[in-house]
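An overview of the molecular structure
Given next are the chains, with one letter for each unit.
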Amino acid sequence: MSKKHIEECVRTSLEGYFKDLHGTEPDGSMYDMMVRVVEKPLLEVVMQHAENNQSRAAEWLGLNRNTLRKKLVEHKLIK
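What comes next is a walk through the structure. None of the values given here were measured: they were computed from a predicted structure.

Conventions and cut-offs
- Residues numbered from 1 in each chain as written.
- Predicted model: local features only at pLDDT ≥ 70, side-chain atom pairs only at ≥ 80, totals over all residues.
- Heavy atoms only, no water.
- Patch = residues over 30% accessible without salt bridge, like charges linked within 9 Å, V, L, I, M, F, W, Y side chains within 5 Å.
- Areas by Shrake-Rupley, 256 points an atom, 1.4 Å probe, with all protein chains shown as cover.
- Salt bridge = Lys/Arg side-chain N within 4 Å of Asp/Glu carboxyl O.
- Helix = DSSP H or I, 4+ residues; strand = E, 2+ residues; numbered from the N terminus.
- Buried < 20%, exposed > 50% of the residue type's maximum accessible area, 1.4 Å probe, protein only.
- Phe/Tyr/Trp six-rings, centres within 6.5 Å; stacked < 30°, edge-to-face > 60°.

1. Let's talk about a nonpolar patch on the surface
- On the surface, Val37, Val38 and Leu42 cluster together into a nonpolar patch covering about 240 Å² of accessible area.
- Looking at where valine 38 falls in the secondary structure, it is placed in helix 2 (residues 30-49).
- Residue valine 38 is classed as partly exposed on the basis of its relative accessible area, which comes to 40%.

Structural data, given as structure tokens:
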């Protein structure tokens, strides 16, 4: 799957989100909402492909390993 395909999936989902609002305006936390809904599946898939190796996953994500651990805990993916 190319970056362009992922970008188009996000664009399509956002268009659906606005359509579902039926003309009302979204609240002011749309950016935070998007980060939350994208970050968890991103972490889940990367951890799966990294065979739960946090150092490898952190490298792939371009994150510090401690930052990755913090995010995994925040999303309840580890204790």
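2. Some words on the packing of aromatic side chains
- A complete count under the given rule lists one aromatic pair for this structure.
- Considering the side-chain rings of tyrosine 17 and phenylalanine 18, the 5.7 Å spacing of their centres and the 80° angle between planes classify their relative orientation as edge-to-face.
- On the basis of relative accessible area, tyrosine 17 is assigned to the partly exposed category, the value being 24%.

3. Notes on unusual backbone geometry
- Here asparagine 52, not a glycine, exhibits a phi torsion of approximately 60°, which is positive.
- By the secondary structure assignment, asparagine 52 is in the loop between helix 2 and helix 3 (54-61).
- What makes asparagine 52 exposed here is its relative accessible area of 58%.
- At lysine 76, a position not held by glycine, the phi torsion is positive, near 60°.
- In this structure, lysine 76 sits in the segment after helix 4 (65-74).
- A residue is classified by how much of its surface remains accessible, and lysine 76, at 74% relative accessible area, is exposed.

4. Focus on the pattern of salt bridges
- Considering all chains together, one arrives at three salt bridges under this definition.
- Here glutamate 39 ties to lysine 71 by a salt bridge, and the two come within 2.9 Å at their closest N and O atoms. In this pair, glutamate 39 sits in helix 2 while lysine 71 sits in helix 4, placing the two residues 32 residues apart along the sequence.
- Residue lysine 71 is classed as partly exposed on the basis of its relative accessible area of 21%.

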